[in-house]
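Coordinates in review
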Amino acid sequence: MIRLTFSIIFGLILVSCKPCYSDSTEKIINVKCATCHGLQGISKGAGVPHLAGQPESYLKEQLEKYKAGERQHQIMSIIAGQLTNDEIATLASWYSKIKIKIVE
Ligand code: HEC
């Protein structure tokens, strides 16, 4: 039931994203993030958080913490460890600017 409710809620979320980023940002996301978090920041599976519309400072801080080892996760620690500080800032900005709208 909880699963069904979630499916319905997220099925109703409309995502619009037209920020002006370079092709390389989209490329990094497609190669490194989209499989799990989606290009539009809507998670592809249970256990993976949605990133769309989260505050930029929060996303940036989480990626910095994974990279520094202050927050640990078997996948994210490795992925964030391979990102430069510039990439972290760009990716945090990208996902934070995605507008989500929940339709009731
Ligand atoms: C293989 C799947 C996978 C890939 C690829 C992946 N992530 Fe994640 N990500 C996760 C999971 C699972 C979590 C939750 C980890 C935890 O519990 O700490 C997570 C957590 C996060 C968080 C913290 C979110 C929060 O709400 O606290 C951020 C930010 C994040 N990922 C960004 C990224 C970015 C940016 C990329 C690409 C560079 C990426 N992830 C690639 C699976 C993935």
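The text that follows walks through the structure, step by step, so that each part is easy to find. (Residues numbered from 1 in each chain as written. Predicted model: local features only at pLDDT ≥ 70, side-chain atom pairs only at ≥ 80, totals over all residues. Heavy atoms only, no water.)

1. Some thoughts on helix α3 (residues 56-68)
An ideal rise of 1.5 Å per residue puts 18 Å on 13 residues; α3 measures up with 18 Å between its terminal C-alpha atoms. By the burial criterion, the buried members of α3 are L59, Q62, L63 and Y66. Around the axis of α3, the buried residues are gathered within 95° of arc, so they sit on the same side. Away from its buried face, by an angle of more than 90 degrees, α3 presents the exposed residues S57 and A68. Along its buried surface, α3 packs onto α4 (76-81) and α5 (85-96). At the C-terminal side of α3, G69 shows a positive phi close to 85°. (Helix = DSSP H or I, 4+ residues; strand = E, 2+ residues; numbered from the N terminus. Expected span 1.5 Å × (residues − 1). Buried < 20%, exposed > 50% of the residue type's maximum accessible area, 1.4 Å probe, protein only. Arc of directions from axis to C-beta. Contact = heavy atoms within 4.5 Å.)

2. Observations regarding the pattern of salt bridges
The tally for this structure, following the rule as stated, stands at three salt bridges. Salt-bridge contacts for K97 lead to E56; the nearest nitrogen and oxygen are separated by 3.6 Å. With K97 in the loop between α5 and β2 (99-102) and E56 in helix α3, this pair connects stretches of sequence that are 41 residues apart. Among the ionic pairs, K65 bridges to E61, the shortest N-O distance being 3.3 Å. On the criterion of helical spacing, the pair formed by K65 and E61 is a turn pair, its members being four residues apart in helix α3. Relative accessible area serves as the criterion here: at 27%, K65 is assigned to the partly exposed category. The exposure class assigned to E61 is partly exposed, which follows from its relative accessible area of 38%. (Salt bridge = Lys/Arg side-chain N within 4 Å of Asp/Glu carboxyl O.)

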